[in-house]
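Letter by letter, the chains look like this.
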Amino acid sequence: MAKKFILLLIFTIFTVSAISGQEKTAEPAAIKPEEKTVKKTNQRPEKAEPKEKFDAADVKTLASQCVRFETEQGNIELEMFPESAPESVRNFLNLTALGVFDTTAFSRVVPGFIVQGGNIGTRETRTNEMSIRSYRTIPDEPNLIKHERGIVSMARGEEPNTASSNFFILVGSGSHLDGTFAAFARVTSGMETVDAINKMPVENEQPEKPVKIKTATVFPCAV
């Protein structure tokens, strides 16, 4: 009798242990299908937006835009020539749209020859972003446009591909610049304002009282 009782006790203990082991094994919950993160291997990459307004503009779009300078001496309006200097035009329109030219001055004047603007250092106030942007250079784009009265061209240093934000407007002939500098626009209205700026008193090409651009805006050219 005692022997049977011992055998029954051993069997009971073994059975309980086995059941307990099964319960422990089943503890970790299975991951539900909806909780799995499935990464698609054929996902289409997100298209980055242009950093500046005219970065992705084609030649036709660039040609449809004009620029107006409201200066202390009067207004000056310009048409663009992107067919001849696309990157110069793109850069100029972007700078204008960003408001970079606002409150800058025509800081260099050569009587009878040119007035030069676009120097961000002459701006009344500027952010670090504006200063950094003004150092961005563009490639030289010499072309067949003649440097004559009313033409707008990019100023640059002696080294190639150093044009950034500075530009000049001719009041006289500059044939020696042809094929070397990037002519990219022309004055369509306001040459009398350019002439007035050119006739301001200067010393060593520095105006005694530089004329400021109050605001510069991009607007659709008249059809």
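As the structure is a prediction and not an experimental result, all values here were calculated from the model. (Residues numbered from 1 in each chain as written. Predicted model: local features only at pLDDT ≥ 70, side-chain atom pairs only at ≥ 80, totals over all residues. Heavy atoms only, no water.)

**Q** Sorry, what's going on with the overall build of the chain here?
**A** For the chain, the count of helices and strands is five helices and ten strands. Counting all 223 residues of the chain, 39% fall into the buried class. Summarising the internal contacts of the chain: among those between residues at least 6 apart in sequence, 71% fall at separations of at least 24. By element, 55% of the accessible surface of the chain is carried by carbon and sulfur atoms, the whole surface being about 14,100 Å². (Helix = DSSP H or I, 4+ residues; strand = E, 2+ residues; numbered from the N terminus. Buried < 20%, exposed > 50% of the residue type's maximum accessible area, 1.4 Å probe, protein only. Contact = heavy atoms within 4.5 Å. Areas by Shrake-Rupley, 256 points an atom, 1.4 Å probe, with all protein chains shown as cover.)

**Q** I tried to follow the nonpolar core on my own but got confused; where do I start?
**A** As a rule of thumb, soluble globular proteins bury nonpolar side chains together. With 37 residues, the main nonpolar core has Phe69, Leu78, Met80, Phe92, Phe106, Phe167 and Phe184 as its most contacted residues. At the level of secondary structure, the elements contributing two or more residues to this core comprise strand S1 (65-71), strand S2 (74-80), helix H3 (86-97), strand S5 (151-154), strand S6 (167-170), strand S7 (183-189), helix H5 (191-198) and strand S10 (213-220). When residues in this core are grouped by element, the largest group, four residues, is from H3. (Core = buried A, V, L, I, M, F, W, Y, C linked by side-chain atoms within 4.5 Å.)

**Q** Even after reading the chapter, I still don't get the state of the cysteines, so can you show me in this structure?
**A** Here is the idea: a disulfide is a covalent bond, and it sits between the sulfur atoms of two cysteines. As enumerated under the stated definition, the model contains one disulfide in all. Two residues share a disulfide in this structure: Cys66 and Cys221, whose sulfurs sit 1.9 Å from each other. Between Cys66 and Cys221, the S-S torsion sits near 110 degrees, and that sign places the bridge as right-handed. Taken together, the residues span a long stretch of sequence, with Cys66 in strand S1 and Cys221 in the segment after S10 at a distance of 155 residues. (Disulfide = S-S within 2.5 Å.)

**Q** In this structure, what is going on with the packing of aromatic side chains? I would like to understand it.
**A** The relation between two aromatic rings is expressed through the spacing of the ring centres and the mutual angle of the planes. Inspection of the entire model under this criterion finds nine aromatic pairs. Ring geometry for Phe69 versus Phe101: centroids 6.3 Å apart, planes at 85 degrees, classification edge-to-face. Placement of Phe69 in strand S1 and of Phe101 in the loop between H3 and strand S3 (108-110) is noted, with a sequence separation of 32 residues between them. Exposure class is identical for Phe69 and Phe101. Each is buried. (Phe/Tyr/Trp six-rings, centres within 6.5 Å; stacked < 30°, edge-to-face > 60°.)

**Q** What exactly am I supposed to notice about the pairing of S5 here?
**A** Regular strands place side chains that alternate from one sheet face to the opposite one. Residues of S5 alternate between two faces, with Ile151 and Ser153 on one and Val152 and Met154 on the opposite face, all of them buried. As paired strands, S5 and S7 are joined by three bridges and run antiparallel to one another. Within S7, the position partnered with Ile151 by the bridge is Arg186. Bridge analysis of S5 against S6 gives three bridges, and the strand direction is antiparallel. Following the sheet pairing, Val152 is matched in S6 by Ile169. (Pairing = 2+ DSSP bridges.)

**Q** Explain unusual backbone geometry to me, please; I cannot follow it from the model alone.
**A** Most peptide bonds take the trans form, and the phi angle of most residues other than glycine is negative. For Asn161, which is not a glycine, the phi torsion comes out positive at approximately 60 degrees. Position of Asn161 among the secondary structure elements: in the loop between S5 and S6. Even without glycine at this site, Glu205 takes up a positive phi of about 70 degrees. Here Glu205 is to be found in the loop between strand S8 (202-203) and strand S9 (206-207). On the accessibility criterion, Glu205 (32% relative accessible area) is partly exposed.

**Q** How do you make sense of the pairing of S1 when you look at a structure like this?
**A** In terms of burial, S1 is largely enclosed, as five of its seven residues are buried. Sheet topology places S1 next to S2; six bridges connect them, and they run antiparallel. For Thr71, the partnering residue across the bridge sits in S2 and is Gly74. Hairpin connection from S1 to S2: two residues lie between these consecutive antiparallel strands.

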